[in-house]
Every structure is written in C-alpha cells, then in structure tokens.
Amino acid sequence: MRAQGRDVIRATIDDFLVPRAQRYRRGRFSAEGCYFDSHDHKALCQVLLDPLGPGGDRKFQHTVYDRDADRPLSSPATTAVEDAVLLFDGVLLLQPELIDRWDLRIFVSVDFEQTIDRALTRSMALAGSADAADAAEIERSWRHRYIPSQQLYFATARPTDHADIIVYNDQLHEPPWDFRSARPRSDRGPA
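Here the structure is a predicted model, which is why all the values come from computation and not from measurement. (Residues numbered from 1 in each chain as written. Predicted model: local features only at pLDDT ≥ 70, side-chain atom pairs only at ≥ 80, totals over all residues. Heavy atoms only, no water.)

**Q** Before we go on, may I ask you to explain the pattern of salt bridges in this structure?
**A** A side chain with one charge may pair with a side chain of the opposite charge, provided their charged atoms come close. Evaluation of the coordinates by the stated rule reveals 12 salt bridges. Ionic pairing is found between R28 and E137, a salt bridge with its closest N-O pair at 3.7 Å. Taken as a pair, R28 in the loop between α1 (20-23) and α2 (31-37) and E137 in helix α5 (residues 132-156) lie far apart in primary sequence, 109 residues in all. According to the relative accessible area criterion, R28 is partly exposed, its value standing at 40%. Between E113 and R143 there is a salt bridge, with its nearest N and O atoms 2.8 Å apart. Of the two residues, E113 is situated in helix α4 (residues 112-127) and R143 in helix α5; the sequence distance between them amounts to 30 residues. You can call R143 partly exposed: its relative accessible area is 35%. (Salt bridge = Lys/Arg side-chain N within 4 Å of Asp/Glu carboxyl O. Helix = DSSP H or I, 4+ residues; strand = E, 2+ residues; numbered from the N terminus. Buried < 20%, exposed > 50% of the residue type's maximum accessible area, 1.4 Å probe, protein only.)

If you want it as structure tokens, here you go:
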C-alpha cells in the first residue's frame, strides 16, 4: 500500500489492553477472562476507530495502555491524511462488538499446538533463553487460558464465518489463503 502512495496507519489490539488486575480478575488461567476482560473495546472505538471512520475527525491515538508498566497512556493525538488506511492486527477482532468495524477481515489460522511452540520460540528469542520453569509457565498459560479462549471465540463469534480472507498459517513461509465471497462493505469503520 505504501508503494502505491497510500499512508498506512499500523495499530494493534495489544495496545488496547485493560489493567492487569482487570484482565486477571477471573483468575490468571481463565479462558473467559482472556476472552471477555482483556481488551478495552470502548477506548479502541473512541480514540482510533471512530476518528478514522466515516464522519470522523481523523485525530486518533495508536494506544491507550502500556502493558509493561501496567498503566494507561495518554499519548497525543495524530491526524491522519484523508485517504489513510488502517492496518489493525490482533486476537479476537471478529467479536460481535467489533465485527462491523472492518472493511476487510483477514483471519489468520494456525493449529493450536503450533501456537504453543511459537510462543515458546518467541519467548526464547526475546529473553535470549528460557529455562524449564519459564517454558512450563508459558505452556500452561497457552493450554489453560489462551487456547480455551480461542475455542470460546470460535464457539461464540464464529470468526471464520465472517472473514473475507483466511490465511492458514501452519506453514510460515508459504501459507495458503482462502478468499471468501465478497461481502457488503461496512459504512462504519476504517479500512
């Protein structure tokens, strides 16, 4: 898109978390807590999606939360150019309260067992190494919180039913894509 002269705004759901105490109020390994209590959808809409959507003033914020410091952020607003494109990534984005906010919905699928292996690989890359206790904690988090929350997501939101494109990301270097039939465009959210 940038090569075609479009201004691209990158943002992620990870910057719209709620404080740790709220995320874990149902317990550290609660799938329901992960699904229902992790993200601040109201703030996401107020500071990013509404300003960039139809009728918005284009004055937006990329983030409202500092995960490492576990505190809210009050970053200054940025003004988007009129034809900017928002490229937004993250988990659980095709939940009912967000489904109509996206002009194009891409769902990235991967086998649950691979998600654990990839989480361990990421952790080792970030930390330089991971001991057995760290690896066990990561695996426990994925098996008891993250994967069950994804299963809840599949059961309640049916994200693949709403995706325009599904990327089967089991093979990182050459993932197959499934282009779904064209859906009517939303008039409520950014591209």
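**Q** It is not clear to me how the nonpolar core should be interpreted in this structure. Could you clarify?
**A** Taken as a class, soluble globular proteins show a tendency for nonpolar side chains to be buried jointly. In terms of nonpolar packing, the biggest core is built from 30 residues, with F16, L44, L48, L49, L86 and F88 touching the most fellow members. Within the residue set of this core, elements represented by two or more residues are β1 (8-12), α3 (41-52) and β6 (85-89). Counting residues per element, this core draws most heavily on α3, which supplies 7 residues. The contacts of F16, once residues within four sequence positions are left out, are S38, H39, D40, A43, L44, V47, L48, Q61, H62, T63, V64 and F88. (Core = buried A, V, L, I, M, F, W, Y, C linked by side-chain atoms within 4.5 Å. Contact = heavy atoms within 4.5 Å.)

**Q** I tried to follow the sheet that holds strand β7 (residues 106-109) on my own but got confused; where do I start?
**A** Two strands in a sheet stick together by hydrogen bonds in their backbones, pointing the same way (parallel) or opposite ways (antiparallel). The strand order across the open sheet built from 3 strands is β7-β8-β9, with neighbouring strands paired in mixed fashion. Where the open sheet ends on each side, the last strands, each with one partner, are β7 and β9 (177-179). Looking at each pair of strands side by side, their axes are set apart by 15° on average, direction ignored. The pairing of strand β8 (residues 165-168) with β9 spans 3 bridges and is classified as antiparallel. Its bridge partner lying in β9, V167 is registered against W177. (Pairing = 2+ DSSP bridges. Axes fitted to C-alpha atoms, helices over the stretch in contact; angles between N-to-C directions.)

**Q** Mind showing me how you'd approach the confidence of the model for the protein chain here?
**A** Close inspection of predicted coordinates is inappropriate for parts of the model with low pLDDT. Per-residue confidence for the protein chain gives a mean pLDDT of 90; residues scoring 70 or more make up 92%. pLDDT under 50 marks residues 185-191. Its contacts with residues more than four places away, or in other chains, come to 25 contacts. (pLDDT = per-residue confidence, 0-100.)

**Q** How should I be thinking about the environment of A163 in this particular structure?
**A** Position of A163 relative to the elements: it lies in the loop between α6 (159-162) and β8. Separated by 17 residues in the primary sequence, A163 and R180 have C-alpha atoms spaced 7.3 Å apart.

**Q** Help me understand the packing of aromatic side chains in this model?
**A** What characterises a pair of aromatic rings is the spacing of the ring centres plus the angle enclosed by the ring planes. One pass over the full model with this rule turns up 9 aromatic pairs. With 6.3 Å between their ring centres and 70° between their planes, Y153 and F154 make a pair best called edge-to-face. With relative accessibility at 31%, the residue F154 sits in the partly exposed group. Centroid distance W177 to F179: 5.9 Å. Interplanar angle 20°. Geometry classified as stacked. Classification of W177 as partly exposed rests on a relative accessible area of 46%. Exposure remark for F179: the relative accessible area of 59% places this residue in the exposed category. Three or more aromatic residues joined by ring pairs form one cluster here, namely Y35, F36, F107, F112, Y153 and F154. Above the face of the Y24 ring, R28 is positioned so that its terminal group lies 5.6 Å from the ring centre. (Phe/Tyr/Trp six-rings, centres within 6.5 Å; stacked < 30°, edge-to-face > 60°. Lys NZ or Arg CZ within 6 Å of the ring centre and 35° of its normal.)

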